Amino acid sequence: DAGVTQSPTHLIKTRGQQVTLRCSPKSGHDTVSWYQQALGQGPQFIFQYYEEEERQRGNFPDRFSGHQFPNYSSELNVNALLLGDSALYLCASSADRRVYGYTFGSGTRLTVV
Amino acid sequence: AQRVTQPEKLLSVFKGAPVELKCNYSYSGSPELFWYVQYSRQRLQLLLRHISRESIKGFTADLNKGETSFHLKKPFAQEEDSAMYYCALSAGNQFYFGTGTSLTVIP
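One numbering rule holds for all chains: residues counted from 1, following each sequence as written. A letter from A marks each chain and a number from 1 marks each ligand, given out in the order of writing. In keeping with the model being predicted, local features are shown solely for residues with a pLDDT of at least 70 and side-chain atom pairs are shown and tallied solely at 80 or more, while totals for entire chains, interfaces and linings include all residues. Side-chain metrics in this entry use all non-hydrogen atoms of the structure; hydrogen atoms and water are not considered.

**Considering the interface of chain A and chain B**
In step 1: Contacts between the two partners involve 24 residues from chain A, matched on the other side by 18 residues from chain B.
In step 2: Two parts placed together each lose some accessible area; with a 1.4 Å probe, that loss summed over both constitutes the buried area. When the two sides are added together, the surface that chain A and chain B hide from each other amounts to roughly 1,900 Å², 44% of it contributed by carbon and sulfur.
In step 3: Side-chain atoms alone can form a polar contact between residues adjacent in sequence; in general such a contact is a pair of N or O atoms within 3.5 Å, and within protein one must be able to donate a hydrogen while the other accepts it. Here chain A is connected to chain B by 7 residue pairs in polar contact (both at pLDDT 80 or more).
In step 4: We count a stretch as a helix when DSSP gives it H or I for four or more residues in a row; a strand needs E for two or more, and each element gets its number in order from the N terminus. Looking at the side of chain A that touches chain B, the elements that each hand over two or more residues are strand E4 (31–37), strand E5 (44–50), strand E6 (53–57) and helix H1 (97–100) of chain A.
In step 5: Looking at the side of chain A that touches chain B, the element that brings in the most residues is H1 of chain A, giving 4 residues. Any two residues whose heavy atoms approach within 4.5 Å are treated as being in contact.

**Observations regarding the pattern of salt bridges**
In step 1: Should a side-chain nitrogen of Lys or Arg be within 4 Å of a carboxyl oxygen of Asp or Glu, the pair is scored as a salt bridge. Applying the stated criterion across every chain yields a total of 7 salt bridges over all chains.
In step 2: Arg 63 of chain A is the salt-bridge partner of Asp 85 of chain A, the closest N and O atoms lying 2.9 Å from each other. Separated by 22 residues along the polypeptide, Asp 85 of chain A in the loop between strand E8 (74–78) and strand E9 (87–94) and Arg 63 of chain A in the loop between E6 and strand E7 (64–68) bring together distant segments of the chain.
In step 3: Salt bridges linked by common partners bring Glu 20, Lys 22 and Lys 73 of chain B together as one network.

**Observations concerning the side chain of Thr 20 of chain A**
All names here are of chain A.
In step 1: Position of Thr 20 relative to the elements: it lies in strand E3 (residues 19–24).
In step 2: Side chain to side chain, Thr 20 and Gln 18 meet in a polar contact 3.0 Å long.
In step 3: A polar contact is formed between the side chain of Thr 20 and the side chain of Asn 77, at a distance of 2.6 Å.

**Brief notes about the sheet that holds strand E3 (residues 19–21) of chain B**
Residues and elements named next belong to chain B.
In step 1: What the 3 strands build is an open sheet, ordered E3-E8-E7; its pairing is antiparallel. Edge positions in the sheet fall to E3 and strand E7 (60–61), since each of these pairs with one other strand and no more.
In step 2: Direction of pairing for E3 relative to strand E8 (residues 72–74): antiparallel, over a ladder of 3 bridges. Bridging from a neighbouring strand, Glu 20 pairs with Lys 73 of E8. The rule for pairing is simple: two strands pair if DSSP sees at least two bridges between them.

Here it is, written out as structure tokens:
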């Protein structure tokens with residue numbers, strides 16, 4: 001089992017552009033969460049998807065949106081990129097978070113120039 | 001509001017010495033707490049969850065609801081314990097992370 005896989009690993013975008021990040025959850029996991037981790041900070045919760053619906057959202061603007069597909073994979077979209085969006089974006093999946101917590105991917109490093 | 005505080009950004013101990021990484025939380029409900037570890041160039045991985053009361057790699061953590069703490073402890077630090085440690089609180093469907101403590105074990 002490859003665990004949680006994210007693509008791409010690195011990305012450079014220009015301010016104002018749009019970006020899509022992808023995540024495949026661990027086999028057997030049906031819930032996907034996205035996090036933004038700025039340098040020197042802990043991960044910040046963006047939103048969580050379950051059964052193809054956004055179940056909960058953190059304190060992020062509407063420029064951040066997502067999607068979950070029937071096979072549980074997920075995308076994170078960010079529109080109108082700002083320099084401050086430069087960060088490591090982490091995807092995490094779970095089956096029963098209370099018991100097992102979340103399994104994290106290696107992340108996508110987004111740089112906005 | 002939910003919050004996780006890790007007061008120490010950096011912590012250095014000598015090999016064989018005891019280590020304690022502090023974590024305090026604020027949450028009005030019944031907390032579910034976890035410790036995650038990130039070794040150099042590796043992904044975040046689950047170390048401990050309070051619900052299981054287990055010991056992993058010699059680490060233990062006890063939930064103290066009176067002091068709203070979930071400190072991570074190990075009696076004898078090893079060089080391979082050098083890593084970034086994050087305390088996390090599960091509240092509903094959200095996970096709140098602390099800012100992390102970078103542990104360095106000096107040989």
